[in-house]
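Single-letter residue listing:
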Amino acid sequence: MEVSVTVNGVTHTHDVEPRTLLVQYIREQVGLTGTNIGCDTSSCGACTIHLDGEAVKSCTLLAVQADGGSITTIEGMAAADGTLHPMQQAFMENHGLQCGYCTPGMVMAATSLLQENPNPTEHDVRIGLEGNLCRCTGYHNIVQSVLAAAAK
Amino acid sequence: MTMTEDAPARTVLGQRLLRKEDPALLTGEAKFTADLVVPGALHLAVLRSPYAHATINSVDVSEALAAPGVRAAYAGAEVAAMFTGPLPCAWPVTADMKNPAHFPLAVTKAAFAGDGVACVLADSAAAAKDALELIKVDYTPHEAVTNLEDALSDRVVIHDELGTNKSYTWDLKIEETEGQVDAAFATAAYTTKQRFIQQRLIPAAMEPRSVLAVPQPFGGDMTLYSTTQIPHILKIFVAVLTGIPEHQMRVIAPAVGGGFGSKLNVYPEEVLCTALARKHKVPVRWTEDRSEASMSTIQGRAQIQDIELAADADGRLTGIRVRLIGDMGAYLQLVAPGVPLLGAFLYAGVYELPKAYDFSCTSVFTNMTPTDAYRGAGRPEATYAIERSMDALATEMGIDPLELRRRNFIPKDAFPYEAFTGLTYDSGDHDAAATVAAELMGYDEFRARQAAQNVPGATKLLGLGVSTYFEMCGLAPSRVLASLNYGAGGWEAATVRVLPTNRVQVVTGTAPHGQGHETSWSMIAAEKLGVDPADVDVLHSDTAIAPYGLDTYGSRSLPVGGVAIANACDGVIDKARQIAAHQLEANPDDLEFSGGVFRVAGSPDREMPLAAIAWAAFTAHDLPDGMEPNLEHSTHYDPPNFSWPFGTHMCAVEIDTETGQVEVLKYVAVDDCGVQVNPLIVDGQVHGGVIQGLAQALYEGAVYDTDGNLKNSTLAEYLVPAASDVPPITLGHTVTPSPTNQLGVKGVGEAGTIGAAPAVINAVVDALSGLGVRDIDMPASPNNVWHAIQAARASTTSSTHGGSQ
């Protein structure tokens, strides 16, 4: 089946197997491997991207369901001149990542969270990120990162 | 913060420098193993036994071979013949330890649900997985062994050739005079006796394991990319097992997404991909699914602990007895037998104990996933047992648990302290750490609030838990490891080179997977050499670039690998001094080195910066007679001692007695890891460690049914906590430098995990103590807590009735 999507501003058209998950399509056919796969039950959120402005776990969709959609992945967050997105910068400044595997999904989910709630409390951030798992940070500095980004 | 060191003038160490690893990880630029694109790679898929214990009568791969895209399919026996022997266990803790042959795929018997029995190579991962369904395996299932005491009975023997499920018994009995332990218990004013269950944990690093073997068929070289913590150790074992000469075997650990011990192994898929890539002369890759990971990647903890304390009338410890049963799972993994031994030296915690110690561990095989080192490896288990027991002792004596601990602390002025085990604790100040923790917690205020709230009939009960700990880390002096029959040394290698343009390369044998070594090692070199940390590049995790190393585990990287880098810098400085003295026509002893510049003492205008020396070393136009060109030094550092970080953790909880829900109100962690290279990173290590320990206490546990099926193999069922499940953490630090290395540093990677579980469970039991609850199984889930409350109430009610009749 043919799928046409815009990824980080660039239009891609590919023939895909119907069973291809969106995350597999992004990684293997578009060739953007920043979106990670951490589980097989849509539990961990490592594959979170933005589809038409909303954070979604790209393992919960088939590639064909995204046909015609506009996708932003972690590779599309920094400015063309290399300036990090404010959320990326906040994660760096607050040591919100260690191994970095959950980080792309965390940044995408956190960015979406602030779009919906620009002034979250710590509690709001913790609830808002409950679909994204991290094993390294204990979340303390992830939460601080998101609060810092909100304060900017 | 309590500073107990004489602060030397440092310019870089101690700064909260942002990590140089982060931009690549934050933008998707970093490449994990599964991200690597190699044209023409075949995909491996492994068929796993659905039975925990079954004889394999036959394996028929013919239909799979005919499936679209399939290039090859193998049963276990064919695969075993590709190797020189079974997978390695590097820690034969006793001479008579039983170690069943563990082949990459099972040959005659599947010993756990998830044991590989056949495999497929195909053009795509999907084709390979599809073809697994076409393999026909004829099994004869047997009764599964999932209970440790049942396993010890040998009612059902798993490995027929061994004739028993017992792997080994390892004893450590230490007495000043024979019979001292028995005498201590006979004369004790107080004794405690408890059994604790260390439930099985699934490490659940966020990056699943992934392997990619790339052969060079006509040259003979093999490059193995793997999500491993141990590229150097892996290289040796893969070379030996496959017969590929070691000098032609290269292992690269690209970006690695967390480990916690789970990537500290030689796994079937690593040697399988290598052997099949060699055989088929094409790259072979494999990436596990999460559910597959839960079964086929090692699990942690899994011990039954029986511990008895003897104490005098003041509560001072006079004797300790420990009996462990260790669950090895189906086979012995790389260091699994040694995990209980790493804890054996810590069952007296941070307390003074006379030579009256009786420890014995018996480890057994079960039909469950093999276990091995998981963050802390033996030390969290030991700390849990002693810290839970100290609370039980305090309860028996009717004194405050923190007061009991203070009575038993090894005093500050006793360090370096030779413990009852003969090991020397390098430095410590337990009272200071406890005092800082109590202040941060508001200990006395909380006790008052607790007394007011925990009245009869209250349904919201407050509890406060304390734990104090030593982390025996920085593995390790090679001779000590030899005395424990460990199969390798504990040194670390470092090379430091100052390039012609005064940029610095540090080559390290450590293998980071989230710890920020590139940043911290840059800081060490920058501090020593007087250069900007941004001008230092750290090369690691590639055995062709960093040929020597013993990798990253056991909180060893800084106290061994980091110190090696500092020592290598000293070698560079020594050589640079000779060059500067030559060119400045001065005596080397008259040169002072600071801020990257050599100056002649008393003649500050006569100076030579490192940049000029590096260029001079490169051009070699005018070096001292006999000196070799270039400015580089390599060292191999074997530490003289373990390092002994320590600290106090405190946890405050409120429990709803009607639902069993535990809410953590406040968590305080005071950790002393000696001199901190980068406090930002130290904080992060403690945060993560604490939540991993808290997760054992409240949430996690691999659940097996009696048939040996793992019931919670996905992240939908196995409760790795989310941000919404855990509290923020209040950190404090004391700084007690280690006297055993030039940086004064200790490890910190496992400290949080070691301190956390006992602090949390002590808080839970403290909250419920008024109801008669004396212990609770981990995880203290609402269900477990509620049942503990009901059981205590039933017991109280029946004993009350008994008394009145």
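Here is what the cut-offs are and how they apply
Residues numbered from 1 in each chain as written. Chains lettered and ligands numbered in written order. Predicted model: local features only at pLDDT ≥ 70, side-chain atom pairs only at ≥ 80, totals over all residues. Heavy atoms only, no water. Domains from an automatic or database assignment. Contact = heavy atoms within 4.5 Å. Buried area = accessible area lost by both parts, 1.4 Å probe. Salt bridge = Lys/Arg side-chain N within 4 Å of Asp/Glu carboxyl O. Polar contact = N/O pair within 3.5 Å; in protein donor to acceptor, adjacent residues only side chain to side chain. Helix = DSSP H or I, 4+ residues; strand = E, 2+ residues; numbered from the N terminus. Nonpolar A, V, L, I, M, F, W, Y, C, P; charged D, E, K, R; others polar. 1 Å grid on protein atoms, 1.4 Å probe; cavity = no way out; pocket = protein on both sides within 12 Å on 5 of 7 lines; lining within 4 Å. Points joined across faces, edges and corners; volume = space filled by probe spheres on them. Pairing = 2+ DSSP bridges. Axes fitted to C-alpha atoms, helices over the stretch in contact; angles between N-to-C directions. Buried < 20%, exposed > 50% of the residue type's maximum accessible area, 1.4 Å probe, protein only. Phe/Tyr/Trp six-rings, centres within 6.5 Å; stacked < 30°, edge-to-face > 60°.

### A look at the domain arrangement of chain B
Residue and element names in this part refer to chain B.
Part 1 of the argument: The assigned domain composition of chain B is domain 1 (22–28 + 491–637), domain 2 (33–142 + 208–256 + 263–296) and domain 3 (300–475 + 641–801).
Part 2 of the argument: Facing the 21 residues of domain 1 at the interface are 20 residues of domain 3.
Part 3 of the argument: Here domain 1 and domain 3 share an interface that buries about 1400 Å² over both sides, 62% of which is from carbon and sulfur atoms.
Part 4 of the argument: Here domain 1 and domain 3 share zero salt bridges between them.
Part 5 of the argument: The interface formed by domain 1 and domain 3 holds nine residue pairs in polar contact (both at pLDDT 80 or more) in total.
Part 6 of the argument: Of all the secondary structure elements, the ones that give two or more residues to the side of domain 1 that touches domain 3 are helix 16 (517–529) and helix 17 (557–584).
Part 7 of the argument: Per-element accounting of the side of domain 1 that touches domain 3 gives the leading share, eight residues, to helix 17.
Part 8 of the argument: Of the residues in the side of domain 1 that touches domain 3, the class split is nine nonpolar, nine polar and three charged.

### A few points about the interface of chain B and chain A
Part 1 of the argument: Counting residues at the interface gives 53 residues for chain B, matched by 42 residues for chain A.
Part 2 of the argument: With both sides pooled, the region where chain B packs onto chain A buries about 3900 Å², and carbon together with sulfur makes up 60% of that total.
Part 3 of the argument: A per-residue breakdown of the area chain B buries against chain A is headed by Leu 26, Met 206 and Ala 723 of chain B, which together make up 19% of the total.
Part 4 of the argument: The interface formed by chain B and chain A contains three salt bridges.
Part 5 of the argument: Ionic pairing is found between Arg 27 of chain A and Asp 35 of chain B, a salt bridge with its closest N-O pair at 2.9 Å.

### Here's the deal with empty space enclosed by the protein
All names here are of chain B.
Part 1 of the argument: Applying the stated criterion across every chain, the model contains 11 cavities of 30 Å³ or more.
Part 2 of the argument: Each pocket or cavity is described by its volume, and for the largest cavity that value is around 710 Å³.
Part 3 of the argument: Forming the walls of the largest cavity are 50 residues, and the residues nearest its centre are Gln 515, Thr 552, Ser 555, Arg 556 and Gly 749.
Part 4 of the argument: Looking at side-chain class alone, the lining of the largest cavity contains 23 nonpolar, 22 polar and five charged residues.

### What about the sheet that holds strand 22 (residues 536–539) of chain B?
Residue and element names in this part refer to chain B.
Part 1 of the argument: Strand order in the open sheet formed by four strands is 22-21-20-26, with mixed pairing between adjacent strands. Looking at strand neighbours, the two that pair on one side only are strand 22 and strand 26 (631–637), the edges of this open sheet. Recorded for the sheet is a direction-independent mean angle of 15° between the axes of neighbouring strands.
Part 2 of the argument: Of the strand pairs in this sheet, strand 21 (residues 504–508) and strand 22 are connected by four bridges, and their pairing is parallel. Paired with Val 506 across the strands is Val 538, a residue of strand 22.
Part 3 of the argument: Contacting strand 20 (492–498), strand 21 and strand 22, helix 16 crosses the sheet at an angle of about 130° to strand 22.
Part 4 of the argument: Packed on one face of the sheet, helix 18 (residues 610–619) meets strand 20 and strand 26 and runs near 95° to strand 26.

### Focus on helix 1 (residues 22–30) of chain A
Each α-helix turn comprises 3.6 residues. Residues three or four places apart therefore point the same way.
All names here are of chain A.
Part 1 of the argument: Among the residues making up helix 1, those that are buried are Leu 22, Val 23, Tyr 25, Ile 26, Arg 27 and Val 30.
Part 2 of the argument: On its buried face, helix 1 is in contact with strand 1 (2–7), strand 2 (10–15), strand 3 (48–51) and strand 5 (70–72).
Part 3 of the argument: Looking one or two places after helix 1, you find Gly 31, whose phi comes out positive at around 85°.

### Side note on the domain arrangement of chain A
Residue and element names in this part refer to chain A.
Part 1 of the argument: The assigned domain composition of chain A is domain 1 (2–76) and domain 2 (86–151).
Part 2 of the argument: One C-alpha centre belongs to domain 1, the other to domain 2, and the line joining them spans 21 Å.
Part 3 of the argument: With 18 residues of domain 1 in contact, the opposing surface of domain 2 contributes 15 residues.
Part 4 of the argument: Buried surface at the junction of domain 1 and domain 2, summed over both partners, amounts to about 1200 Å²; 54% is from carbon and sulfur atoms.
Part 5 of the argument: Counting every contact that joins domain 1 to domain 2 gives seven residue pairs in polar contact (both at pLDDT 80 or more).

### Some remarks on the pattern of salt bridges
Part 1 of the argument: As enumerated under the stated definition, the model contains 44 salt bridges over all chains in all.
Part 2 of the argument: As a salt-bridge pair, Arg 19 of chain A and Asp 130 of chain B come within 2.9 Å of each other at their nearest N and O atoms. Of this pair, Arg 19 of chain A sits in the loop between strand 2 and helix 1 while Asp 130 of chain B sits in helix 4 (residues 125–132), which puts the two residues in different chains.
Part 3 of the argument: Taking relative accessible area as the criterion, Asp 130 of chain B reaches 36% and is therefore assigned partly exposed.

### Here we look at the sheet that holds strand 16 (residues 356–365) of chain B
Residue and element names in this part refer to chain B.
Part 1 of the argument: Taken together, five strands build an open sheet; the order of strands is 8-16-15-14-9 and the sheet is mixed. A strand with exactly one partner marks an edge of an open sheet, and here the two such strands are strand 8 (166–175) and strand 9 (190–201). Neighbour-to-neighbour, the strand axes of this sheet turn through a mean angle of 10°, independent of strand direction.
Part 2 of the argument: As paired elements, strand 9 and strand 14 (residues 300–311) share 11 bridges and run antiparallel to each other. Looking at strand 14, one finds that Gln 198 is bridged to Gln 303.
Part 3 of the argument: Helix-sheet contacts for helix 6 (residues 180–187) involve strand 8, strand 9, strand 14, strand 15 (317–329) and strand 16, and the interaxial angle to strand 15 is about 115°.

### Considerations on the packing of aromatic side chains
Residue and element names in this part refer to chain B.
Part 1 of the argument: This structure, assessed with the given rule, holds 21 aromatic pairs over all chains.
Part 2 of the argument: Between the aromatic rings of Tyr 357 and Phe 359, the centroid separation amounts to 6.4 Å while the plane-to-plane angle is 20°, which identifies the pairing as stacked.
Part 3 of the argument: You can call Tyr 357 buried: its relative accessible area is 0%.
Part 4 of the argument: Considering the side-chain rings of Tyr 425 and Trp 644, the 4.5 Å spacing of their centres and the 55° angle between planes classify their relative orientation as tilted.

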